[in-house]
Number of protein chains: 2
Amino acid sequence: MQQNQSAAELMTFRDREYKCGIDVTLALVGGKWKASILWHLAQETMRFSDLQRQFSDTTRKMLTQQLRELEMDGLVNRKVYPQVPPKVEYSLTEQGRTIFPILELMCDWGRNYAQAGNQA
Amino acid sequence: MQQNQSAAELMTFRDREYKCGIDVTLALVGGKWKASILWHLAQETMRFSDLQRQFSDTTRKMLTQQLRELEMDGLVNRKVYPQVPPKVEYSLTEQGRTIFPILELMCDWGRNYAQAGNQA
DNA sequence: AAACACAGTACCTTTTTGGAAACCATGACA
DNA sequence: TGTCATGGTTTCCAAAAAGGTACTGTGTTT
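Residues numbered from 1 in each chain as written. Chains lettered and ligands numbered in written order. Predicted model: local features only at pLDDT ≥ 70, side-chain atom pairs only at ≥ 80, totals over all residues. Heavy atoms only, no water.

Draft legend 1. Structural view of the nonpolar core. Among the nonpolar cores identified, the biggest contains 70 residues, and Ile22 and Leu38 of chain A together with Ile22 and Leu38 of chain B are the most heavily contacted of them. Not counting chain neighbours up to four residues away, the residues in contact with Leu38 of chain A comprise Val29, Leu70, Leu75, Val76, Leu92, Ile99 and Leu103 of chain A. (Core = buried A, V, L, I, M, F, W, Y, C linked by side-chain atoms within 4.5 Å. Buried < 20%, exposed > 50% of the residue type's maximum accessible area, 1.4 Å probe, protein only. Contact = heavy atoms within 4.5 Å.)

Draft legend 2. The packing of helix 2 (residues 34-43) of chain A against helix 4 (residues 60-72) of chain A, seen in detail. All names here are of chain A. Here helix 2 crosses helix 4 at 75°, and the two axes come no closer than 10 Å. Between helix 2 and helix 4, the crossing angle belongs to the class labelled roughly perpendicular. Packed against helix 2, whose contacting residues are Lys34, Ile37 and Leu38, the element helix 4 presents Leu63, Gln66, Leu67, Glu69 and Leu70 at the interface. (Axes fitted to C-alpha atoms, helices over the stretch in contact; angles between N-to-C directions. Helix = DSSP H or I, 4+ residues; strand = E, 2+ residues; numbered from the N terminus. Parallel < 35°, antiparallel > 145°, perpendicular 65-115°, else oblique.)

Draft legend 3. Molecular detail of the sheet that holds strand 4 (residues 76-81) of chain B. Residues and elements named next belong to chain B. Spatial ordering of the open sheet is given by 3-5-4, a layout of three strands whose pairing is antiparallel. Edge strands, defined here as strands with exactly one partner in the open sheet, are strand 3 (46-47) and strand 4. Examined bridge by bridge, strand 3 and strand 5 (residues 87-92) share two bridges and lie antiparallel to one another. Looking at strand 5, one finds that Met46 is bridged to Tyr90. Its contacts with the sheet place helix 2 (residues 34-43) against strand 3, strand 4 and strand 5, and it is angled at close to 95° to strand 5. (Pairing = 2+ DSSP bridges.)

Draft legend 4. Structural view of helix 2 of chain B. The buried fraction of helix 2 of chain B is high, at eight of ten residues. Of all the residues in helix 2 of chain B, the buried ones are Lys34, Ala35, Ser36, Ile37, Leu38, Trp39, His40 and Leu41 of chain B.

Draft legend 5. Representation of the interface of chain B and chain A in the model. Every contact between the two is made by 46 residues of chain B and, on the other side, 46 residues of chain A. Carbon and sulfur atoms supply 62% of the area buried between chain B and chain A, which totals about 3,900 Å² over both sides. Contact with chain A buries surface across chain B, with Ile22, Trp109 and Tyr113 of chain B losing the most and accounting together for 20% of the total. Linking chain B to chain A there are two salt bridges. The shortest N-O distance in the salt bridge between Asp57 of chain A and Lys19 of chain B comes to 3.8 Å. Linking chain B with chain A are eleven residue pairs in polar contact (both at pLDDT 80 or more), by the criterion used here. Of the residues in the side of chain B that touches chain A, the class split is 22 nonpolar, 17 polar and seven charged. (Buried area = accessible area lost by both parts, 1.4 Å probe. Salt bridge = Lys/Arg side-chain N within 4 Å of Asp/Glu carboxyl O. Polar contact = N/O pair within 3.5 Å; in protein donor to acceptor, adjacent residues only side chain to side chain. Nonpolar A, V, L, I, M, F, W, Y, C, P; charged D, E, K, R; others polar.)

Draft legend 6. Summary view of the protein's contact with DNA strand C. Around DNA strand C, the surrounding shell holds 23 residues, and the nearest of these are Arg78, Pro86 and Tyr90 of chain A together with Lys32 and Lys61 of chain B. The sugar-phosphate share of atoms of DNA strand C within 4 Å of the protein amounts to 70%. Separating a phosphate oxygen of DNA strand C from a side-chain N or O atom of Arg47 of chain A is a distance of 2.9 Å. Tyr90 of chain A is positioned with one of its side-chain polar atoms (N or O) 2.8 Å from a phosphate oxygen of DNA strand C. Among the secondary structure elements, those contributing two or more residues to the surface near DNA strand C are helix 3 (48-54), helix 4 and strand 5 (87-92) of chain A together with helix 4 (60-72) of chain B. Split by residue class, the surface near DNA strand C holds eight nonpolar, five polar and ten charged. (Near = heavy atom within 4 Å.)

Below, the structure is given as structure tokens:
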């Protein structure tokens, strides 16, 4: 009497098990920066230094860490131009683009929430 | 040349500032349990003990903590019946229900991702 | 020969989150 | 009188996430 929508199928992702797609999604984009990074990359391909400017309140280390994980998870492309000084461009993969509708809703919902909250 | 969609307006929520609605949304439901809790409550009102059964891999402490925060944030109702043994029912508020479309998308997207990933 | 630009890496510390185990309050019930 | 059920709280500890600072590599320019 408890298997209504997701039934008994467990999902596996990076050696962990998840009962629900929501948890998989959060594992992929639930950190402090990933969703925003994807959102920005959805607007345009960006170099590492562009991202640094956009996310000026984080460190290079955090950015590269998050980008590496997004890349491993197949959501982001990393293109290195063999030149000096280096040039590296980040963009969304096909799969990365499929998450856009969620980000859009999250963006609107959060903004509405903040506005409503401030009026109360 | 950088203000395309969210412009210069900062959002405030619980003494913190956010540049983007996405970050607000993640602050509200981005933890390890909150999104799932909302998802379950969207299906039906539940007593605390029901939630404990559904989330058998977490502790009472975490559950109450998350529920309290969701309540403070206006997403969840807590109704106490004055009887012994106690009976407490949790349900979504109006505002809590507005997040349902996001959760639905997240559920589908995560499930698709997990399936596709397992075939690769 | 020295300095610069870009895109990092390495190492270490701090903060946040999650979790285990024990304790509490109350009225009903045996 | 003692036990049970429900819905918690408290304290302490471990793990994970995030952050700070310094260092690296390499062609090009000065």
